[in-house]
Amino acid sequence: MRKTLLIISLVAAMAVGANAQTGNVRLGIKVGPTFDWASSGSNVVTNEGFRLGANLGLVCDYYVTSYFAISSGGDFNILNMKYTFTDRRYVEDFLEETNVLVSRRLNAVNVEIPVKAKLRFDVADSFKAYVEAGLGLGFNCRDVGKDSYSFYWVDDEEDASYVDCTNQYRPLQLSMIFGLGTEYEISRNLTAFAQLTFDHAFSNAFISSLEKQTGSIVRNNYIGIEVGIMY
């Protein structure tokens, strides 16, 4: 975690230096709520509604022209989801593990490095709009969950509090990212912006051994409403 934040800080520092020398690089910070849910490529995982999360990020845009940029940076995401999935558990009065439908409330923390193409348009005096699309590489930092299940006559809540389940999730996850936003030029060197972001994971969040054992496939998704400033 500290190493990841150090890398993001170094990227930000290099961007500031480049901006001072060329004027083609812009650096910013953003923050906002996210609306999180799980999707699946299998019929053994079911999402149970939207949950509220949060995003804090650094933005680094390199402008190839006045209207086209390559955008990167780093996003610190707190994701909250609830879904059901099939897992093997020891059930009371059973001698061996058996497949049960588990309902999990999950709090996940990850850091994502995006690489996006950004196209900007003039709208009015001091206002611009933009669209962006690209890929994100997510580093899974920590996952805690609260599980419960019902199996015939047995109703079980395994723990009244959240427990660490990071070892059940992949350390790296690949996502596609789309964004739509608007900018307002406060001064020549300072811009405020607001954007709507959609992030959809390609990868199964579960580790491969859990996928093979149970057939469970879950993908993280969120829509973020973010505001920030660019220098």
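Attention here is on the structure that accompanies the text. (Residues numbered from 1 in each chain as written. Predicted model: local features only at pLDDT ≥ 70, side-chain atom pairs only at ≥ 80, totals over all residues. Heavy atoms only, no water.)

**With respect to the overall build of the protein chain**
Rules: Under the scheme used here, helices are H or I runs from DSSP no shorter than 4 residues and strands are E runs no shorter than 2 residues, and both carry numbers assigned from the N terminus. In this description, contact between two residues means that some pair of their heavy atoms is separated by no more than 4.5 Å. Accessible areas in this description were obtained via Shrake-Rupley with a 1.4 Å probe; residue shielding takes into account the shown protein chains only.
The secondary structure content of the protein chain amounts to 2 helices and 11 strands. Helices and strands appear in the protein chain in the N-to-C order α-β-β-β-β-β-β-β-β-β-β-α-β. A sequence separation of at least 24 residues applies to 66% of the contacts in the protein chain between residues at least 6 apart. When the accessible surface of the protein chain is summed, it comes to about 12,100 Å², and 61% of that surface belongs to carbon and sulfur atoms.

**Considering empty space enclosed by the protein**
The test is simple: Here a cavity denotes grid points, spaced 1 Å and computed from the protein atoms alone, that fit a 1.4 Å probe unable to get out, and a pocket denotes an open set having protein on both sides within 12 Å along at least 5 of 7 lines; residues with an atom within 4 Å of a point are the lining. Grid points are joined across faces, edges and corners, and a volume is the space filled by probe spheres set on the points. Throughout this entry, Asp, Glu, Lys and Arg are counted as charged residues, while Ala, Val, Leu, Ile, Met, Phe, Trp, Tyr, Cys and Pro are counted as nonpolar. The remaining residues, Gly among them, count as polar.
In the structure shown here, the tally under the stated rule is 4 cavities of 30 Å³ or more. In this model, the largest cavity occupies a volume close to 160 Å³. Along its surface, the largest cavity is lined by 19 residues, and Leu79, Asn110, Gln173, Ser175 and Asn220 are the ones closest to its centre. Residue contributions to the lining of the largest cavity peak at 4 residues, all from strand E6 (residues 127–151). Counted by class, the lining of the largest cavity contains 8 nonpolar, 7 polar and 4 charged residues. Lining the second largest cavity are 15 residues, with Val59, Ser71, Lys116, Glu132 and Gln195 positioned closest to its centre. In the lining of the second largest cavity, the residues fall into 6 nonpolar, 3 polar and 6 charged.

**Remarks on the nonpolar core**
The condition that has to hold: Put simply, buried Ala, Val, Leu, Ile, Met, Phe, Trp, Tyr and Cys residues joined by side-chain atoms within 4.5 Å make one nonpolar core. The cut-offs for exposure are 20% and 50% of the maximum accessible area for each residue type, with area from a 1.4 Å probe on protein chains only; residues under the lower value are buried, those over the upper are exposed, and the others partly exposed.
Counting 20 residues, the largest nonpolar core has Tyr83, Leu106, Tyr169, Phe206 and Val218 as the members making the most contacts within it. If you list the elements that add at least two residues to this core, you get strand E4 (68–89), strand E5 (98–124) and E6. Ignoring any residue separated from it by four or fewer positions in sequence, one finds Val218 in contact with Ala38, Ser39, Val45, Tyr83, Ser203, Asn204, Ala205 and Phe206.

**Section: the pairing of E4**
We apply this condition: When DSSP finds two or more bridges between two strands, those strands count as paired.
Counting buried positions along E4 gives 16 out of 22 residues, so the element sits mostly inside the fold. For strand E2 (residues 45–47) and E4, the ladder comprises 3 bridges, and the chain directions are antiparallel. The partner of Asn47 across the bridge, within E4, is Tyr83. The pairing of strand E3 (residues 51–63) with E4 spans 10 bridges and is antiparallel. Residue pairing in the sheet places Asp61 in a bridge with Ser71 of E4. Between E3 and E4, which pair antiparallel in sequence order, lie 4 residues.

**A few points about the side chain of Thr84**
Structurally, Thr84 is set in strand E4. For Thr84, a relative accessible area of 10% gives the class buried. Apart from the residues within four sequence positions on either side, Thr84 is in contact with Val44, Val45, Thr46, Glu48, Leu101, Val102 and Ser103.

**Regarding the environment of Asn107**
Tracing the backbone through its elements, the reader meets Asn107 in strand E5. Accessibility expressed as a relative area gives 27% for Asn107, which makes it partly exposed. Sequence separation between Asn107 and Asn80 is 27 residues, and the spatial gap between their C-alpha atoms is 4.7 Å. Those residues in contact with Asn107 that sit more than four places away from it in its chain are Leu79, Asn80, Arg142, Asp143, Val144 and Tyr162.

**Concerning the packing of aromatic side chains**
The geometry of an aromatic ring pair is captured by the separation of the ring centres together with the interplanar angle, meaning the angle of the planes. Quick reminder of the rule: Two rings belonging to Phe, Tyr or Trp (six-membered ring only in the last case) form a pair when the distance between their centres is within 6.5 Å. Interplanar angles under 30 degrees mark stacking, angles over 60 mark edge-to-face geometry, and anything in between is tilted. Either the NZ atom of lysine or the CZ atom of arginine qualifies as a charge over a ring when it sits within 6 Å of the ring centre and within 35 degrees of the ring normal.
Following the criterion strictly, the structure yields 7 aromatic pairs and no others. Both rings, one in Tyr83 and one in Phe85, keep their centres 6.1 Å apart while their planes meet at 55°; by these two values the pair is tilted. Ring geometry for Phe85 against Phe206: centres 5.1 Å apart, planes inclined by 45°, an arrangement best described as tilted. Taken together, the positions of Phe85 in strand E4 and Phe206 in the loop between strand E10 (190–201) and helix H2 (208–214) put the pair 121 residues apart, joining distant regions of the chain. Each member of the pair, Phe85 together with Phe206, is buried. A cation sits over an aromatic face here: Lys118 above Tyr130, 4.2 Å from the ring centre.

**Side note on the pairing of strand E9 (residues 172–187)**
Bridging between E6 and E9 involves 13 bridges; their strand directions are antiparallel. The partner of Leu137 across the bridge, within E9, is Leu174. Examined bridge by bridge, E9 and E10 share 12 bridges and lie antiparallel to one another. Across the sheet, the residue bridging to Thr182 is Ala194, located in E10. Between E9 and E10, which pair antiparallel in sequence order, lie 2 residues.

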